[in-house]
Every structure is written in structure tokens, then in C-alpha cells.
Amino acid sequence: MIDPPNPKASPSRSDAFDRLTFLGWSWGLVAIVVGLAASFLLFGYFVVYYRNADMDFMVIYSALAMNAGKPQHFLDHTAYLTILSVKSWFELLHGLGLLDAWSLPAMPPASDAAAFEAAMTHAVRAGRVLAFLIAVGSVLIFAALSRLILRDWRVALLATLAFALSGGIAVHSRILRSELIAACPVIFALMILVAIGRRAFLARPLGMAAAAALCVIGLENKVQAILMIGALPILILPFGGKESPSAAFWRGHTSWVAVLIAALAAVGAGWAAWPLIATGLDRSLLDAAQFHPLLLNRFGVYQIALLALIVVCMIAYAAIWRVSVAETLASIFAVAAGAAIALLALKVAYNTANVIAVVNPVEKMLIFADAGTSEAAKGSNLAAIFLLLLDGLGSVLARYTFVLHSSPRPTVFLIWLIIPGIVYAWRRGERQAALQALMLLLGAVGIDVLNVRRGLKAEYFIFTDPLVILAGAILLDSIGDLRFHKRAFPILAILLGVHIAVGQAEPIKYAFKRTGPQSTCGWNRYYMPLLPLPWCPAPPS
């Protein structure tokens, strides 16, 4: 039985939020960044350069090749923006005289093992610094958007701390992978939509355009982001409020001028992006890439269905939260324009393989799926697909217990509190907050169920950890008077301690591994054809 909170007690002694956020907002963020830097230096930067060769080597090789005037080589995810950022980072460091190994011609030959090791160490460490900077930037953006969403800055700081210490950030702050730049833009899009949906203002459609652009940016870096993008239109439906109805401008006759401008912007952006879309749906290119259509033996079917879902959910949101017809139409056009403009980023370093992957993300994912998933998808066997989903759900629920399937994922313990928190919030009348948290949690479960077909590796936690954290933060923000409960501080302190310990488990494990680099010899010739490795046998002449 939970004792009733005592809000009249002395805040300095019984307010758990005050005790956990005693540094304040600004210094609290400084402490979080310092903690991330310490973890990075201890268990990341100085780790032997070949420890995370998959994908450090693959990304770095593509960056080195592109700096030598060659096309992007690693295209599996597609990792497009990750590779472009590493390429530009290496160029910058070389221009400043801080990195010699910035392109393929600058790399010593494999025959000079000592020189190769020194050059590759410098390149990998430079890449790790970039990964750390991107992770810190993501944490700070998450913090800023949390302040917009949550009423209590202390809850926003605790949410930021949970995000910074999550398994996803722990992994991606020290290695070069594609998931961070794929997941965070879509999460930020969701947070922007929540923030702008709650408050009516004139430029709200521009926020919608920004959110759509962020979703496409995430998709361009890893096609797996399509799972989050598909869930987002449904997840946003409960996030509205008394101030959501359209501003006065959008209810007047002049608003239709803005609708016309938005429509023209959508048509112009669509016209500019159409050649990319046409290339992505070119059947000869797709057949050559061994893509198989997901539905009805035709490409583009589920993409049209996703667009229809987005429009339907936007109309439903408008009906629920009394958004005017003019603003709804302007927002639909703004979303189309934002997505099309972001798609043009593929032209920065154009590669047809990137284009067809981004336009057909599910078909790209199925290339790397396990045999059972591929066969079920190709055969459109509904029974087989249902059994796979049921098996995935069982696997995810086992992971969420931590006991049946251990995992280096501290947000599992947060889920243990969120589920009873949803029930408690509903029973005490905070039903909208309970519904919002439930939707976010179900979204996380659904995405994890699909990701389990790829093993639900620690690298994939970044896709759903933020959803769980946001669900917990929304609940905590709505039932914040529980902070006066006598057990609130010890429970939150224990959760924080577990978060730190479990979240750092994977980086520490990799830092103390003693295996050699020989495992790279199984794939180096395919992923690094122009960069022989000293410890791998030379290819037969």
C-alpha cells in the first residue's frame, strides 16, 4: 500500500527531485557531459583500435576512400551521413595538421605493420572523438526538447540523465555506427511534434516540416529508422491539450494564402526530389541489387500506405484537438516539402545504392534478415509472419524481465516502474498522461519485436530507449507529488545507480576484451578491398 505523499514536508529533506538535481539545470548538464567524457576516455578513446572493427573499420575505410575521390563503399545500412561526417571530419583534422591518415593514399602499406598500426590508431581515435561529440550533441538536444515538453525542469534533467546513461548512448558515444544518426533525428521529430502540438502558434506547420525532414534524415543513415517513422503518426495522437486548437490566423480567410504557399513549396520540393524517387523505384536497378518487393510483387506499395497513414493520422489529430482545416492542409503540404527537401541530401555524395535503399527501406532490411523472416516476407504467408511476431514478442518480454534474458539495457528497470505508474496515473485521474506513456511504451515494444529478428543488439537500443525514457518522464511529470513520498528518493537513487552500472557494462566489457584482430580477416577483402591488413593473409595472386 502506498502511503499518501506529504507535500507540506520540508522540500530540502523530502523532495526527491531537489535532492537528485541539487546542481541545477546548467551545472547538471555540465556534470552529465563531464561524466560522459570520463566514461569515453576510460572505456573508449584509448581502447585498442581494432576492438570495434565492425563497423569502425568499415566506416573509416569508406571515408578514406571518398577523400581519395572514390565512391562510398559501405552501403549496408546505408550509413550515408555517418560516412559523410567522418569524411569531412578527417578533412578538417588534416587541414589543421592533426591527422595524417585522412585518405587511402595517406595510409602506410600493410607490409609496414608498425606504421600501419600507428596510422590506423590515429584514424580510429579521430573517428571515436567524432562519435563522442555527436552523442553529446544528441544528449543536449534531447535536454532542450525535454524542457519544452515537460513542466518541471527537474524531471527534464532526470530524463536527460537517463538518456545520457542509457545503453544506446553508452555504445554509440565511442564507436562509429549508423544507428545514432538514424534514431535520434526521428526521436527529436517526435519531441518537436509533442511540443508544437500542445501550443498553437502561427508557424506550427514549419515545425511539422522540420519534423518530416528529420525523419528522412534518419532514414538516410539507416533504413531501420522506417520502423520508428511508421509508428510516429500513431504515437503522436494523444499528445494535445487545451492550447492545441489553431491560432486565430488559421481560422481567418488570409490563412488560405499560407495554404497556397505551402502547396507551392510542396510541389517545388517534390519536383526537385522526383528524379531520386524515380531512380529508387527503377525496377532494373532494384532487380540488379537483388531487392524483392514486399507486397503484391510491386515496389512502392507500402510506401504509399505509409503516406496515407500519415495523412489520416494528421486529419485525426486535427479532429481530436480542433486544428483548423487550413492549418491541417498547410501542415500536410509542409510535411511533404520537408521530407522532399531532406531527400535531396542524397545528392551531396550521390550513389544509386543509397537512393534505392532509402526509397525501399524494408526491402533493404530483408536482405540482411534471417532466413525465416525473409521466407515469410517473400511468401506473404500471414500465418508465418504472425508466428514470427509472436516469437519476437516472447523474446522481447523475456528481455524486459532481465531475469529470463539478461541485457546491458538499464531502461529495462525503468519499464518495471512505468507499467505500475501507468495504472496509478490512470486511477488517480491523470488519464491522458497514462495514455501517452502507454502509447510510447507500446511503440517501444513493437519496434523491439521487429528488431529482435536482427538479435536486438545493444546497438539497437538507441531506437527505443528514448521512447521508454519519455514515457517515464511524462508519468513523473504528471504525478510529481510522489516525489515527497518517503521511499521516492531511495527508489530513484537505486534506479540511477543501476542505470550507471548496467549502462556501462558493454563499454567496460569491450575495453577489457583480450581477443585479437583476426576476426576482421573474414570480411576485410569485401569491405576494405584497397586497404590490406597486416594480420590478414594476402589474397592469392
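Note that the structure is predicted; figures quoted are calculated from it, not measured.

## Observations regarding the overall build of the protein
Alright, step 1. Broken down by element type, the protein carries 25 helices and zero strands.
Alright, step 2. Here the protein has a C-alpha radius of gyration of 24 Å; the compact-globule value for 541 residues is 24 Å, and the two agree.
Alright, step 3. Each principal axis of the C-alpha distribution contributes one length, and for the protein these read about 80 × 55 × 55 Å.
Alright, step 4. The proportion of buried residues among the 541 residues of the protein is 55%.
Alright, step 5. In the protein, 80% of the contacts between residues at least 6 apart in sequence involve partners at least 24 apart.

## With respect to the pattern of salt bridges
Alright, step 1. Applying the stated criterion across every chain, the model contains twelve salt bridges.
Alright, step 2. The partner of aspartate 287 in a salt bridge is arginine 283, with the nearest N and O atoms 3.3 Å apart. In this pair, aspartate 287 and arginine 283 are both assigned in helix H13 (residues 283–288), four residues apart and thus about one turn of the helix distant.
Alright, step 3. Aspartate 287 sits in the partly exposed class, given a relative accessible area of 43%.

## Observations concerning unusual backbone geometry
Alright, step 1. Backbone torsion omega between aspartate 54 and methionine 55 reads 20°, so that peptide bond is classified as cis.
Alright, step 2. As for its placement among the helices and strands, methionine 55 is situated in helix H4 (residues 53–67).
Alright, step 3. Notably, alanine 79 is not glycine yet its phi reads approximately 60°, a positive angle.
Alright, step 4. For alanine 79, a relative accessible area of 0% puts it in the buried group.
Alright, step 5. The phi dihedral of glutamine 290 is positive, around 65°, even though this residue is not glycine.
Alright, step 6. Counting through the fold element by element, glutamine 290 comes out in the loop between H13 and helix H14 (301–321).

## Here we look at the packing of aromatic side chains
Any pair of aromatic rings gets described here by the distance separating the centres and the angle formed by the planes.
Alright, step 1. This structure, assessed with the given rule, holds 16 aromatic pairs.
Alright, step 2. Within the aromatic cluster, the residues linked to one another by ring pairs are Tyr49, Tyr50, Phe57, Phe116 and Trp535.
Alright, step 3. Across from the ring centre of phenylalanine 489, 3.8 Å away, lies the NZ or CZ of arginine 19, which sits over that ring.
Alright, step 4. A cation over a ring is seen here: arginine 147 above tryptophan 25, with NZ or CZ 4.7 Å from the ring centre.

## Structural notes on the side chain of asparagine 451
Alright, step 1. As for its position among the elements, asparagine 451 is in helix H21 (residues 431–451).
Alright, step 2. Residue contacts for asparagine 451: discarding those within four places in its chain leaves Gln224, Leu227, Leu456, Tyr460 and Phe463.

## Quick look at a nonpolar patch on the surface
Alright, step 1. Judged by side-chain polarity, Phe22, Leu23, Trp27, Val30 and Val34 come together as a nonpolar surface patch covering roughly 570 Å² of accessible area.
Alright, step 2. Relative to the assigned elements, valine 34 resides in helix H3 (residues 24–45).

## Points about the packing of helix H20 (residues 411–427) against helix H22 (residues 461–478)
Alright, step 1. At a closest axis distance of 9 Å, the pairing of H20 and H22 adopts a crossing angle of 40°. One finds that H20 runs oblique with respect to H22. Seen along the crossing, H20 lies across H22 with a hand that is left-handed. Contact residues: H20 offers Thr411, Leu414, Ile415, Ile418, Gly421, Ile422 and Ala425, while H22 offers Asp465, Val468, Ile469, Ala471, Gly472 and Leu475.
Alright, step 2. Here the contact of H20 with H22 is built from residues that sort into nine nonpolar, three polar and one charged.

## Considerations on the environment of serine 166
Alright, step 1. Here serine 166 is to be found in the loop between helix H7 (153–164) and helix H8 (167–172).
Alright, step 2. In this structure the C-alpha to C-alpha distance between serine 166 and phenylalanine 461, which are 295 residues apart in sequence, comes to 8.3 Å.
Alright, step 3. Setting aside residues up to four positions removed in sequence, serine 166 forms contacts with Pro410, Asp465, Ile469 and His499.

## A look at the nonpolar core
Alright, step 1. Phe57, Phe90, Met120, Met528 and Leu531 are the most contacted members of the largest nonpolar core, which totals 162 residues.
Alright, step 2. What phenylalanine 57 contacts, discounting residues up to four positions off in sequence, is Tyr49, Tyr50, Met120, Val124, Thr520, Trp523, Met528, Leu533 and Trp535.
Alright, step 3. Ranked by size, the runner-up nonpolar core spans five residues in total, among them Trp250, Val259, Ala262 and Ala326.

## Brief notes about H20
Alright, step 1. Here H20 contains 17 residues, and its C-alpha end-to-end distance of 24 Å stays within 8% of the 24 Å for a straight helix at 1.5 Å per residue.
Alright, step 2. Buried within H20 are the following residues: Thr411, Val412, Phe413, Leu414, Ile415, Ile418, Gly421, Ile422 and Ala425.
Alright, step 3. Just downstream of H20, glycine 429 is the residue with a positive phi angle, here 100°.

## What about the state of the cysteines?
Alright, step 1. Summed over the entire model, instances satisfying the criterion amount to one disulfide.
Alright, step 2. The disulfide that involves cysteine 521 links it to cysteine 536, with 2.0 Å between the sulfurs. What sets the handedness of the cysteine 521 and cysteine 536 disulfide is the S-S torsion sign, and at about -95° it is left-handed. You can see cysteine 521 sitting in the loop between helix H24 (505–511) and helix H25 (524–527) and its partner cysteine 536 sitting in the segment after H25, a full 15 residues away along the chain.
Alright, step 3. With no disulfide of its own, cysteine 184 lies closest to cysteine 215 among cysteine sulfurs, the gap being 13 Å.
Alright, step 4. In this structure cysteine 215 comes out as buried when scored by relative accessible area, which is 10%.

## Considerations on the environment of alanine 398
Alright, step 1. Position of alanine 398 relative to the elements: it lies in helix H19 (residues 382–401).
Alright, step 2. Among the residues examined, alanine 398 registers a relative accessible area of 17% and is labelled buried.
Alright, step 3. Once residues within four sequence positions are removed from consideration, alanine 398 is found in contact with Leu404 and His405.

## Let's talk about the side chain of arginine 409
Alright, step 1. Counting through the fold element by element, arginine 409 comes out in the loop between H19 and H20.
Alright, step 2. Here arginine 409 falls in the buried class, since its relative accessible area comes to 3%.

## Description of the environment of arginine 177
Alright, step 1. Structurally, the position occupied by arginine 177 is in the loop between H8 and helix H9 (179–198).
Alright, step 2. The spatial distance from the C-alpha of arginine 177 to the C-alpha of asparagine 221 is 9.7 Å, given a sequence separation of 44 residues.
Alright, step 3. Sequence-distant contacts of arginine 177, that is, excluding residues within four places in its chain, are made with Asp54, Met55, His77, Thr82, His172, Lys457 and Glu459.
Alright, step 4. At 2.8 Å, the side chain of arginine 177 and the side chain of glutamate 179 are in polar contact.

## What to know about the packing of H9 against helix H11 (residues 226–235)
Alright, step 1. Viewed as axis vectors pointing N to C, H9 and H11 meet at an angle of 10°, and their least axial separation amounts to 10 Å. In terms of axis orientation, H9 runs roughly parallel to H11. When H9 is examined against H11, the residues Ala183, Val186, Ile187, Ala189, Leu190 and Leu193 are found in contact with a partner set consisting of Met228, Ile229 and Leu232.
Alright, step 2. Per-class residue counts for the contact of H9 with H11 are nine nonpolar, no polar and no charged.

Quick notes on the rules
- Residue numbers here run from 1 along each chain, matching the order of that chain's written sequence.
- Two thresholds apply to this predicted model, a pLDDT of at least 70 for residue-level local features and 80 or more for giving and counting side-chain atom pairs, whereas whole-chain, interface and lining totals are computed over all residues.
- Side-chain numbers here rest on the full set of heavy atoms in the structure, without hydrogens or water.
- Starting at the N terminus, helices and strands are each numbered in turn, a helix being any DSSP run of H or I of at least four residues and a strand any DSSP run of E of at least two.
- This radius of gyration counts C-alpha atoms alone. The globule rule is 2.2 Å times how many residues there are, raised to the power 0.38.
- Burial here depends on accessible area, computed with a 1.4 Å probe over protein chains only, as a share of the maximum for the residue type. Under 20% is buried, over 50% is exposed, and the range in between is partly exposed.
- What makes two residues a contact is simply this: any of their non-hydrogen atoms within 4.5 Å.
- For this analysis, a salt bridge means a side-chain nitrogen from Lys or Arg found within 4 Å of a carboxyl oxygen belonging to Asp or Glu.
- Each aromatic pair joins two rings of Phe, Tyr and Trp (for Trp, the six-membered one) with centres within 6.5 Å, and gets the label stacked for planes under 30 degrees apart, edge-to-face for over 60, and tilted for any other angle.
- For a ring to carry a charge above it, either NZ of a lysine or CZ of an arginine must fall within 6 Å of the ring centroid while also lying within 35 degrees of the normal to the ring plane.
- Patch definition: residues above 30% relative accessible area lacking any salt bridge, with like charges linked at up to 9 Å and the nonpolar side chains Val, Leu, Ile, Met, Phe, Trp and Tyr linked at up to 5 Å.
- Where accessible areas are quoted, they stem from the Shrake-Rupley method and a 1.4 Å probe; at the residue level, only the protein chains shown are allowed to cover.
- Axis definition: a line fit to C-alpha positions, over the contact stretch in the case of helices; interaxial angles, taken between N-to-C directions, run 0 to 180 degrees.
- For classification, angles of less than 35 degrees are called roughly parallel, those exceeding 145 degrees roughly antiparallel, those between 65 and 115 degrees roughly perpendicular, and all remaining angles oblique.
- Handedness of a crossing follows from how the near helix is turned relative to the far one, being left-handed for an anticlockwise turn of less than a right angle and right-handed for a clockwise one.
- Throughout, the ten residues Ala, Val, Leu, Ile, Met, Phe, Trp, Tyr, Cys and Pro are labelled nonpolar, Asp, Glu, Lys and Arg are labelled charged, and all others, Gly among them, are labelled polar.
- The criterion is simple. A nonpolar core is a set of buried Ala, Val, Leu, Ile, Met, Phe, Trp, Tyr and Cys residues joined through side-chain atoms within 4.5 Å.
- One less than the number of residues in a helix, times 1.5 Å, gives the span that helix is expected to have.
- Here, a disulfide means two cysteine sulfur atoms that sit within 2.5 Å of each other.
- Under the rule applied, a polar contact is a pair of N or O atoms within 3.5 Å (in protein, one hydrogen donor and one hydrogen acceptor; residues adjacent in sequence only if both atoms are side-chain atoms).

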